[in-house]
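Examination of the molecular architecture
What follows is the residue order along each chain.
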Amino acid sequence: MERTFKQALESRRTFYAIGNDSPVSDDKIEEVVKFAVKHVPSAFNSQSTRVVVLLGENHKRLWNITKDILRRIVPADAFEGTEAKIDNCFLSGHGTLLFFEDQNVVKSLQTSYPAYADNFPIWSQQTSAMHQFAIWTMLEDLGLGVNLQHYNPLIDKDVKAEWSIPESWKLISEMPFGNPLAEPEAKQFSPIEDRVKIYK
Ligand SMILES: Cc1cc2nc3c(=O)[nH]c(=O)nc-3n(C[C@H](O)[C@H](O)[C@H](O)COP(=O)(O)O)c2cc1C
């Protein structure tokens, strides 16, 4: 990591304008994803998170599949905007990460620890979020621009069929990345005093 951990946290933003000219090799991207998946914690050390890395034609296919599905459901006069967003903010990038949670792991924990059964699906989502955040931050630390999307469950069936995804893997989010082409706008922050309370 070039930056300190704090600097990396501060620098992570949503980059919508992304290109396919990655500043780092695909091997480096793969290394970051595997590093995070290995080291990020999970509830009960469940290790329920699964990540699929789509590069090249596979990345493009994901966004063309998404466009085809949306074309069928978005009103014709609104589709132009939808298509422009997909083309310029997602398809235009270098790759996309698909985050899944393995429901077989969740079910097995529910069976083993019935007292916590209701919590395991929640903890699985939280586990996924931790992975998404770590990878988002690490990719941006490499000089990539990243955003986070949720076209699931609309695309679930087609994604599973296209990449032979195991039936038990539940799609949680899609994370396109590429070289940043424009800086995000300044971010508004709610007063920190309303959000953190200290008692001492
Ligand atoms: C849990 C979560 C879900 C999000 N879902 C989406 C999404 O579906 N589409 C999108 O464009 N941005 C999504 N975002 C990005 C947020 O809108 C963005 O992080 C927020 O506005 C703060 O901006 P920043 O990322 O530049 O700090 C999501 C972020 C989080 C943490």
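Scroll up to find the structure.
A few words now on the packing of aromatic side chains. A full pass over the atoms with the stated rule returns 12 aromatic pairs. Between phenylalanine 44 and tyrosine 116, the ring centres sit 5.7 Å apart and the planes meet at 70°, which makes this aromatic pair edge-to-face. In this pair, phenylalanine 44 is assigned in the loop between α2 (26-39) and β2 (49-55) and tyrosine 116 in the loop between α5 (103-112) and α6 (119-141), connecting sequence segments 72 residues apart. Assessed through its relative accessible area of 40%, phenylalanine 44 is described here as partly exposed.

The environment of the ligand is made up of Arg12, Arg13, Thr14, Tyr16, Trp136, Leu148, Gln149, His150 and Lys187. Take leucine 148: an N or O atom from its main chain is 3.0 Å from a nitrogen atom of the ligand. Coverage of the ligand by the protein amounts to 54% of the 620 Å² it exposes when considered alone. Classifying every residue of the shell around the ligand gives 3 nonpolar, 3 polar and 3 charged.

Bringing the packing of α5 against α6 into the picture now. Two numbers describe how α5 lies on α6: the axes approach to 9 Å, and their chain directions differ by 140°. Classed by the angle they form, the pair α5 and α6 counts as oblique. Regarding α5 and α6, the two cross each other, and that crossing is right-handed. Between α5 and α6, the contacting residues are Val106, Leu109 and Gln110 on the first element and Phe120, Pro121 and Ser124 on the second. Its residues assigned to classes, the contact of α5 with α6 comprises 4 nonpolar, 2 polar and no charged.

Below, the discussion takes up unusual backbone geometry. Backbone torsion omega between asparagine 152 and proline 153 reads 5°, so that peptide bond is classified as cis. Here proline 153 lies in the loop between β4 (145-146) and α7 (156-162). Although it is not a glycine, glutamine 47 adopts a positive phi angle of roughly 50°. Within the secondary structure layout, glutamine 47 lies in the loop between α2 and β2.

What counts as what
Residues numbered from 1 in each chain as written. Predicted model: local features only at pLDDT ≥ 70, side-chain atom pairs only at ≥ 80, totals over all residues. Heavy atoms only, no water. Phe/Tyr/Trp six-rings, centres within 6.5 Å; stacked < 30°, edge-to-face > 60°. Helix = DSSP H or I, 4+ residues; strand = E, 2+ residues; numbered from the N terminus. Buried < 20%, exposed > 50% of the residue type's maximum accessible area, 1.4 Å probe, protein only. Near = heavy atom within 4 Å. Polar contact = N/O pair within 3.5 Å; in protein donor to acceptor, adjacent residues only side chain to side chain. Areas by Shrake-Rupley, 256 points an atom, 1.4 Å probe, with all protein chains shown as cover. Nonpolar A, V, L, I, M, F, W, Y, C, P; charged D, E, K, R; others polar. Axes fitted to C-alpha atoms, helices over the stretch in contact; angles between N-to-C directions. Parallel < 35°, antiparallel > 145°, perpendicular 65-115°, else oblique. Left-handed = near helix turned anticlockwise from the far one by under 90°. Contact = heavy atoms within 4.5 Å.

In short, the description is geometric, and any link to function would need to be established separately.
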